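# Summary of structural features
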Amino acid sequence: MKILDWYILKRYLLTFLMMILLFIPIGITVHLAEKIGKILEREAPFGEVMLYLLDFTIYFAHLLFPLFLFLSVIWFTSKLANNTEIVAFLSSGVSFSRFLRPYLIGATIVAIISIILGLYLAPNASKGFNDFKYKYLSGKKNTANQKLFKQINDNEIIYVSSFDAVRGQGLNFSLEHFENDKLSYKISSNSIRFVEEDSTYQLRNYFKRTITDNGDLLERERKKDTIFGFDLEDLVPDDYIAETLNYVALKRFITREEKRGSSNIGRYKLELYRKWSLPVSVFILTIIAVAVSSIKRRGGMGVNLAFGITIAMIFVFFDKVFGTMAAQSDFSPLIAVWFPNVIFGILAVILLYNAKR
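Residues numbered from 1 in each chain as written. Predicted model: local features only at pLDDT ≥ 70, side-chain atom pairs only at ≥ 80, totals over all residues. Heavy atoms only, no water.

### Comments concerning a positive patch on the surface
Taken together, Arg193, Arg204, Arg222 and Lys223 make up a surface patch of like positive charges. Along the chain, the position of Arg204 falls in strand β6 (residues 200–212). Look at Arg204 and you get partly exposed, because its relative accessible area is 40%. (Patch = residues over 30% accessible without salt bridge, like charges linked within 9 Å, V, L, I, M, F, W, Y side chains within 5 Å. Areas by Shrake-Rupley, 256 points an atom, 1.4 Å probe, with all protein chains shown as cover. Salt bridge = Lys/Arg side-chain N within 4 Å of Asp/Glu carboxyl O. Lys, Arg positive; Asp, Glu negative; His and termini not counted. Charge placed at Lys NZ, Arg CZ, Asp CG, Glu CD. Helix = DSSP H or I, 4+ residues; strand = E, 2+ residues; numbered from the N terminus. Buried < 20%, exposed > 50% of the residue type's maximum accessible area, 1.4 Å probe, protein only.)

### Describing the pattern of salt bridges
According to the stated counting rule, one finds seven salt bridges in the structure shown. The salt bridge involving Asp5 is made with Arg101; its shortest N-O contact spans 2.8 Å. Within this pair, whereas Asp5 is found in helix α1 (residues 3–41), its partner Arg101 is found in helix α5 (residues 96–137), the two being separated by 96 residues in sequence. Looking at Arg101, the relative accessible area reads 39%, which means it is partly exposed. Residue Lys35 pairs with Glu34 through a salt bridge whose shortest N-O separation is 3.9 Å. What makes Glu34 exposed here is its relative accessible area of 57%. A single network of salt bridges, built from pairs that share partners, joins Asp5, Arg98 and Arg101.

### Details of a nonpolar patch on the surface
On the surface, Leu14, Leu17, Met18 and Leu21 cluster together into a nonpolar patch covering about 410 Å² of accessible area. Inspection of the secondary structure assignment puts Leu14 in helix α1.

Now the structure itself:
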């Protein structure tokens, strides 16, 4: 790799790192200032708070990864343009495509990091982040999920009035089993708790009613340990379950939910496709940033930054609007995730063509 490549690649990665180190402490400070009252009120242990902030850092960084990169590329490329360094590079016989190469190498490095974060680290961080939020930061009425009514297979339907994701405990549980479209038996209890040590469920005030041709059979127990054909994930709040699973687990989860006819498939697939669309957006935004900021403008760096922030806001707008459509309607999650990349990919090609001229 030549001196030019090393020079630009180092500036690329160092500026990106500095942008993250600049914004993440600000994000942590603002978030902590907002939540510190509830953390002190609930007497959250110091160790758990530190882990929560670490999870928040990973969660926050992964969420805004492309935007941090976009602004950092505009920043240091604008400085190169204002110092007429880009003019010197191109005047020495270096083509614009050759000048772009170290940027693409840097984008590849950042995309690989983004893939690792999205497939493995971010889901774990999201789980810790949401568990802490449900345990210490949500109000008492919000520590548990809303009523859950779900068909888990062709013959069984489960219900819980609320579920605590942290404790693995639900209230007012019932399971209905059908044979040939007729109710065969129903199990109900005041509470259900998952016992992790032996992978069983513990029911309090257990009651089972079995329907037979000769009458109903009733069974009661104050406490009963048993095994069911569903997983703990089936009782976890639907609003964040997808983002807490790694790629392999999420694919299995989606396959299982499709067989059950879940109404939240769009939301789950949205999270799955984003794990790959985010790294691609790194390349697209890098090309747009270079094309926009490589030209020396009369307004200087401020004009480039203003234009860059505008593009970033439009990108986020597209992503949120189409993501919401896919999560709450029959709109294709695949189109919702990739449409912003396609639109901005076309914009990147147009801007790059004009920049070369």
